[in-house]
Amino acid sequence: MKLHAHPASTTCRPILHFAAESGIALELAFVDLFAGDQRSPAHAAINPNRAVPVLEDGSFRLTECSAILKYLAERTDSPAYPAEPTARARVNALMDWFNTGFYRSFGHGLIYPQVLPDYAWPKAEMQAAALARAESESRRWFDVLDTHWLGAGTYLGGAAPSLADYMGAAYVTIGALIDFDLAPWPRVRRWLAAMAARPAWASTNGAFEGWCEIHRQARRYRIAA
């Protein structure tokens, strides 16, 4: 199977992490998002959305992070996507929760406009207002994650991670791009520490952590100047 992806991408990291821990061999077709490869005619022919990830399994082609995770889990009968109906429904609900309200507010509303020019608002006052609203919404989502979704177990799925953990951890950690402070949410911090201690975390999140360091250095330079 081939995955068209960028290893720092928020929606590619969960797939790379899950595949590595599940022993799923994926050939990586590198799509340089920072160079705009996703907008090229060649990639548009693969995915008209001009986005990553894209999974190719023979003649079958699949887009969207959540769908690809579920497909790989079902192909390998992974316990991370349980077969029991109520347990699977809970994983589906969590993945939808991360993918809709949370990611819309935190990723597209708060984080990306500060680090990706294409997401920024054209005027400073518009940017400030949009960021203030997105931060307020994001904090509300973090309250829900900390007090409702995360219980006494180590992971969202209990004693072992589910697909929701792989996807959710990648979505939450994008806050590192702006040094978003997670101190108010102790269960979230405990959960992320458990995910970061997973055997394949370092190998599949190194590119993202390198991107974070670039932004940290840029902020230090601006402060020093």
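Sequence order sets the numbering: in each chain, residues are counted from 1 along the sequence as written. Reporting of local features is limited, given that this is a predicted model, to residues whose pLDDT is at least 70; pairs of side-chain atoms are given and counted only at 80 or more, and all residues count toward the totals for whole chains, interfaces and linings. Note that water and hydrogens are dropped before the side-chain values are worked out from all heavy atoms of the structure.

Draft legend 1. Molecular detail of the sheet that holds strand E1 (residues 2–5). Strand order in the open sheet made by the four strands is E2-E1-E3-E4, with mixed pairing throughout. What marks the edges here is a single partner per strand, and that holds for strand E2 (27–30) and strand E4 (60–63). Across the sheet, the mean angle separating the axes of adjacent strands is 20° when strand polarity is ignored. When E1 meets strand E3 (residues 54–57), the two strands line up antiparallel, connected through three bridges. Opposite Lys 2, over in E3, you have Glu 56 as the bridge partner. The contact criterion used throughout is that any non-hydrogen atoms of two residues lie within 4.5 Å. Here, axes are lines fitted to C-alpha atoms. For helices the fit covers the stretch in contact, and angles between N-to-C directions go from 0 to 180 degrees. Counting from the N terminus, the helices are DSSP H or I runs at least four residues long and the strands are E runs at least two residues long. The sheet strands contacting helix H3 (residues 65–75) are E1, E3 and E4, and the helix crosses E4 at an angle near 130°. Strand pairing is assigned whenever DSSP detects at least two bridges linking the two strands.

Draft legend 2. Spotlight on the packing of aromatic side chains. Centres within 6.5 Å make a pair out of two Phe, Tyr or Trp rings, where for Trp the six-membered ring is used; the pair is then stacked when the planes are under 30 degrees apart, edge-to-face when over 60, and tilted otherwise. According to the stated counting rule, one finds 20 aromatic pairs in the structure shown. Taking 5.0 Å as the distance between ring centres and 85° as the angle between the ring planes, the aromatic pair formed by Phe 106 and Phe 142 counts as edge-to-face. Here Phe 106, found in helix H4 (residues 85–115), pairs with Phe 142, found in helix H5 (residues 124–149); they are 36 residues apart in sequence, far enough to count as distant. The same class applies to Phe 106 as to Phe 142, namely buried. Taking 5.3 Å as the distance between ring centres and 55° as the angle between the ring planes, the aromatic pair formed by Tyr 112 and Tyr 119 counts as tilted. Any residue under 20% of the maximum accessible area for its type is buried, any over 50% is exposed, and the rest in between are partly exposed; the area is computed with a 1.4 Å probe on protein chains only. Owing to a relative accessible area of 5%, Tyr 112 belongs among the buried residues under this scheme. We call a charge positioned above a ring when the Lys NZ or Arg CZ atom is no farther than 6 Å from the ring centre and deviates by at most 35 degrees from the ring normal. Above the ring of Tyr 81, the side-chain terminus of Arg 88 is found at 3.8 Å from the ring centroid.

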